[in-house]
Amino acid sequence: PPFNEGEHASPAETPSAIRTQFIFLLAYASNTDSMVEQREKMSKMKEDYSSFLTEEVYPVISRVRSKCENTRIFFTGDVFDSYEFDMALYTDIKWAIGSILFVTFYMWLHIGSVRVSIGCFVIIFASAPVAYVLTPAEKTSVASFMSLF
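Criteria and cut-off values
- Residues numbered from 1 in each chain as written.
- Predicted model: local features only at pLDDT ≥ 70, side-chain atom pairs only at ≥ 80, totals over all residues.
- Heavy atoms only, no water.
- Helix = DSSP H or I, 4+ residues; strand = E, 2+ residues; numbered from the N terminus.
- Buried < 20%, exposed > 50% of the residue type's maximum accessible area, 1.4 Å probe, protein only.
- Areas by Shrake-Rupley, 256 points an atom, 1.4 Å probe, with all protein chains shown as cover.
- pLDDT = per-residue confidence, 0-100.
- Expected span 1.5 Å × (residues − 1).
- Bend = angle between axes of the 7 residues up to and from the residue.
- Polar contact = N/O pair within 3.5 Å; in protein donor to acceptor, adjacent residues only side chain to side chain.
- Patch = residues over 30% accessible without salt bridge, like charges linked within 9 Å, V, L, I, M, F, W, Y side chains within 5 Å.
- Salt bridge = Lys/Arg side-chain N within 4 Å of Asp/Glu carboxyl O.

**Structural notes on the overall build of the protein**
Across its full length, the protein holds four helices and zero strands. Its helices and strands taken in sequence order, the protein reads α-α-α-α from the N to the C terminus. For the protein, with 149 residues in total, the buried portion stands at 9%. Counting every atom, the protein has about 13,100 Å² of accessible surface; 63% of that belongs to carbon and sulfur.

**Section: the confidence of the model for the protein**
Scored by pLDDT, the protein has a mean of 82; 79% of the residues are at 70 or more. Ranking the elements of the protein by mean pLDDT puts helix α4 (residues 142-145) last, at 64, and helix α2 (residues 78-111) first, at 91.

**Quick notes on helix α3 (residues 114-134)**
In this model α3 runs 29 Å from its N-terminal to its C-terminal C-alpha over 21 residues, within 8% of the 30 Å that 1.5 Å per residue would give. At Ser127, α3 shows its strongest bend, of approximately 35°, with the proline Pro129 following within four residues. Along α3, the residues classified as buried are Ser117, Phe121 and Ala128. If you check the start of α3, you find a side-chain oxygen 3.5 Å away from the backbone N of Arg115, and it comes from Ser113.

**Some remarks on a nonpolar patch on the surface**
Residues Phe85, Met87, Leu89, Tyr90, Ile93, Ile97 and Leu101 make up a contiguous nonpolar surface patch of roughly 700 Å² in combined accessible area. Relative to the elements of secondary structure, Ile97 occurs in helix α2.

**With respect to the pattern of salt bridges**
Evaluation of the coordinates by the stated rule reveals two salt bridges. A salt bridge links Asp33 to Lys41, with the shortest nitrogen-to-oxygen separation between them at 2.8 Å. Given the relative accessible area of 36%, Lys41 is considered partly exposed.

Below, the structure written as structure tokens:
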């Protein structure tokens, strides 16, 4: 049954799942345009669409998702998936850079030399590629690079 503003459903009436699918049909060119023009217009339309989803739609969905207590909101799509992946990657990169800077600063305080502190990181990060070059390829795997950590 419909609810008036301010009324809420009882837990027994709360839906366990709702599925909504949005399909956008976007006209980007006419059939009189050349293939070059159609490709240019399609590329521009894809950029505008991605920008719209990441700058307008994603912040709204994220805000609503954080406010909903009894409802879990899932959304997917090529643009959303790659945007969330990129955001997670950028966050991880920021943490990694911060930890490297902290350890370098700590080594500088402990050792007393900025050159030696930076040189230590150069040696550590250069060891994996050097080991890959100096050892036969069948003995070196991706797991070998984890030995640093």
